[in-house]
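So you can see what is in the structure, the chains are spelled out below.
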Amino acid sequence: MLLFETVREMGHEQVLFCHGKNPEIKAIIAIHDTTLGPAMGATRLFPYVSEEAALKDALRLSRGMTYKAACANIPAGGGKAVIIANPDNKTDDLLRAYGRFVNSINGRFITGQDVNITPDDVRTIGQETQYVVGLSEKSGGPAPITSLGVFLGIKAAVEFRWQTKRLDGMKVAVQGLGNVGKNLCRYLHEHGVQLFVTDINPAKAEEVKQLYGATVVEPSEIYSLDVDVFAPCALGAILNSHTIPFLKASIVAGAANNQLENEQLHSQMLVKKGILYSPDYVINAGGLINVYNEMIGYDEEKALKQVHNIYNTLLAIFDIAKQQGVTTNDAAKKLAEDRIARVRSNKNKAIAA
Ligand SMILES: NC(=O)C1=CN([C@@H]2O[C@H](COP(=O)(O)OP(=O)(O)OC[C@H]3O[C@@H](n4cnc5c(N)ncnc54)[C@H](O)[C@@H]3O)[C@@H](O)[C@H]2O)C=CC1
Ligand SMILES: O=C(O)C(=O)Cc1c[nH]c2ccccc12
């Protein structure tokens, strides 16, 4: 991989390779853009197959955070960090060593809980740095508000597609029944949706079957179901050349980050199949909205208003994509880049004055 070429192409400001021998630690902190504010993004711990895979994940996720904040009108930049480790080898020493790296950049990067990091782990990281968020009891953690945002995003897509505000009788397939997926199922069930669900953990699927009368399918079967909406709430890169040909849903709208394996290729593949795609970093902004509000002093009404805005933003993006004949992904990216360019130009004017 040509390092600077890749970073230049994706537009990152700074990438930190954090290494330590005692304890053994390898982490990458990617800061994409801080025009709108300090870079925010949760930290993921994962046994990546290669260092290149880890870097790619950090670069793509951090860029997604920049667009996420810009589309949600949150004055934060985009960042994300990955710790390359097996979850079985996660120790307090490792987390504290990581916390010292976060602290060393003095608030340019603010982080919290992502895949394989628990709230307790964030507390441990927080022993070394104040630049962690997402622990307030008041806000109930980011997942419930993320699922509300995804629910509203599904409503926006349904309205754009079929000019109806009603979800009752619709069929939705939910992949992944973790903190976000399970809560999303509750909202959908309350609105009369017929659920089809899967999780690699059968106990989670069984629970959602009992709670919301969902039909449980095998993980491999979730793509080809004859449903109206497919909601990916597990992993990234699930929209790819193997899965897209199987999709029968008219809408893809879910919480997972980096859903498109290849942004250009696979967003266009979806368009060709007539599938309306809700850009992941627009529909799943609820988590960021929640932690940002927690950071500045939690005001529930304000946070909920910002989450409800996801609905309007998605409708606007769908409209622009239709008017201009571009993918919804490109329309969202353009919206984000325009907002950032405007702030950058005002900043430059202020410096010049
Ligand atoms: N929690 C939040 O506030 C936010 C979460 N996201 C993204 O949403 C997704 C879900 O987040 P959480 O619910 O917090 O994570 P989680 O870890 O609680 O849940 C993920 C679930 O997916 C299941 N799963 C994993 N691989 C699967 C597969 N191949 N097929 C079916 N199920 C599978 C897991 O067993 C687990 O139950 C992640 O991609 C995350 O990055 C994005 C924005 C905010
Ligand atoms: O939407 C994402 O991918 C996030 O990383 C959101 C998020 C959850 N917890 C956090 C803590 C600090 C910064 C962002 C987040």
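In every chain, residue numbers begin from 1 and rise along the written sequence. Chain letters and ligand numbers both follow the written order, the letters beginning at A and the numbers at 1. Since the coordinates come from a predicted model, pLDDT governs what is reported: local features require at least 70, and pairs of side-chain atoms require 80 or more to be given and counted, while whole-chain, interface and lining totals use all residues. For side-chain calculations, the full set of non-hydrogen atoms in the structure is used, while hydrogens and water are omitted.

- In the nomenclature of an unreviewed UniProt entry, the chain corresponds to Tryptophan dehydrogenase ScyB from the organism Nostoc paludosum FACHB-159.
- Per UniProt, the comment on the chain under Sequence similarities (unreviewed entry) is "Belongs to the Glu/Leu/Phe/Val dehydrogenases family." UniProt positions are given in the numbering used here, feature names are shortened, and annotations may be inferred rather than shown by experiment.

**Some details on the overall build of the chain**
Next, step 1: Secondary structure elements follow DSSP: runs of H or I of four or more residues count as helices, runs of E of two or more count as strands, with numbering from the N terminus. Each helix and strand in the chain was counted, giving 12 helices and 12 strands.
Next, step 2: Relative to the globule expectation of 20 Å for 353 residues, the C-alpha radius of gyration of the chain, 20 Å, shows essentially globular dimensions.
Next, step 3: Counting only C-alpha atoms and orienting by the principal axes, one finds that the chain spans roughly 55 × 50 × 45 Å.
Next, step 4: Residues classed as buried in the chain amount to 54% of the 353 residues present. Throughout, radius of gyration means the C-alpha value; the globule benchmark is 2.2 Å times the number of residues raised to the power 0.38. Exposed residues in this analysis have more than 50% of their type's maximum accessible area, buried residues have under 20%, and partly exposed residues fall in between, with area computed by a 1.4 Å probe over protein chains only.

**A closer look at the pairing of strand E2 (residues 24-33)**
Next, step 1: For E2, the buried fraction is high: 8 of the 10 residues fall into the buried class.
Next, step 2: We call two strands paired when DSSP finds no fewer than two bridges between them. In this sheet, E2 lies alongside strand E1 (residues 14-21) in antiparallel orientation, the contact comprising 8 bridges. Bridging from a neighbouring strand, Gln14 pairs with Ile31 of E2.
Next, step 3: Between the end of E1 and the start of E2, which pair antiparallel, lie 2 residues.
Next, step 4: The pairing of E2 with strand E5 (residues 77-84) spans 6 bridges and is classified as antiparallel. Paired with Asp33 across the bridge in E5 is Gly78.

**Quick word on the environment of Leu152**
Next, step 1: By the element assignment, Leu152 lies in helix H5 (residues 142-162).
Next, step 2: Spatially, the C-alpha atoms of Leu152 and Asn312 are 9.3 Å apart, while their sequence positions differ by 160 residues.
Next, step 3: Between two residues, a contact is recorded if the distance between any of their heavy atoms is within 4.5 Å. Excluding its chain neighbours within four sequence positions, the residues that come into contact with Leu152 are Val307, His308 and Tyr311.

**Remarks on the site of ligand 1**
Next, step 1: Consider each residue's heavy atoms; a residue with any of them within 4 Å of a molecule or strand counts as near. Thr146, Val180, Asp199, Lys204 and Ala234 are the nearest of the 20 residues found near ligand 1.
Next, step 2: At a separation of 3.5 Å, a nitrogen atom of ligand 1 approaches a polar backbone atom of Ile200.
Next, step 3: Side-chain atoms alone can form a polar contact between residues adjacent in sequence; in general such a contact is a pair of N or O atoms within 3.5 Å, and within protein one must be able to donate a hydrogen while the other accepts it. Within the side chain of Asn257, an N or O atom sits 3.1 Å from an oxygen atom of ligand 1.
Next, step 4: Taking 840 Å² as the accessible area of ligand 1 by itself, protein coverage stands at 78%.
Next, step 5: Broken down by secondary-structure element, the contributors of at least two residues to the shell around ligand 1 are H5 and helix H6 (179-190).
Next, step 6: Top element by residues in the shell around ligand 1 is H5. It accounts for 3 residues.
Next, step 7: In the shell around ligand 1, the residues fall into 10 nonpolar, 7 polar and 3 charged. Per-residue and other accessible areas follow the Shrake-Rupley method at a 1.4 Å probe size, with only the shown protein chains counted as cover for residues. Charged residues are taken to be Asp, Glu, Lys and Arg, nonpolar residues to be Ala, Val, Leu, Ile, Met, Phe, Trp, Tyr, Cys and Pro, and polar residues to be all remaining types, Gly included.

**Details of the side chain of Asn284**
Next, step 1: Along the chain, Asn284 falls in the loop between helix H9 (280-283) and helix H10 (286-296).
Next, step 2: A relative accessible area of 5% means that Asn284 is categorised as buried.
Next, step 3: Every residue in contact with Asn284, bar those within four places of it in the chain, is listed here: Lys68, Thr146, Ala255, Ala256 and Asn257.

**What to know about the pattern of salt bridges**
Next, step 1: By definition, a salt bridge exists where a carboxyl oxygen of Asp or Glu is found within 4 Å of a side-chain nitrogen of Lys or Arg. Applying the stated criterion to the full structure yields 17 salt bridges.
Next, step 2: The closest approach of N and O atoms between Asp33 and Arg344, which form a salt bridge, is 2.9 Å. Note that Asp33 is positioned in strand E2 and Arg344 in helix H12 (residues 328-352), a separation of 311 residues in sequence.
Next, step 3: Taking the relative accessible area as the measure of exposure, Arg344 reaches 38% and is therefore partly exposed.
Next, step 4: The residue Arg96 makes a salt bridge to Glu128 at a minimum N-O spacing of 2.8 Å. Of this pair, Arg96 sits in helix H3 (residues 92-104) while Glu128 sits in the loop between helix H4 (119-125) and H5, and the two are 32 residues apart along the sequence.
Next, step 5: Taking the relative accessible area as the measure of exposure, Arg96 reaches 29% and is therefore partly exposed.
Next, step 6: Ionic contacts of the salt-bridge type, sharing partners, join the residues Arg44, Asp57, Lys80 and Asp114 into one network.

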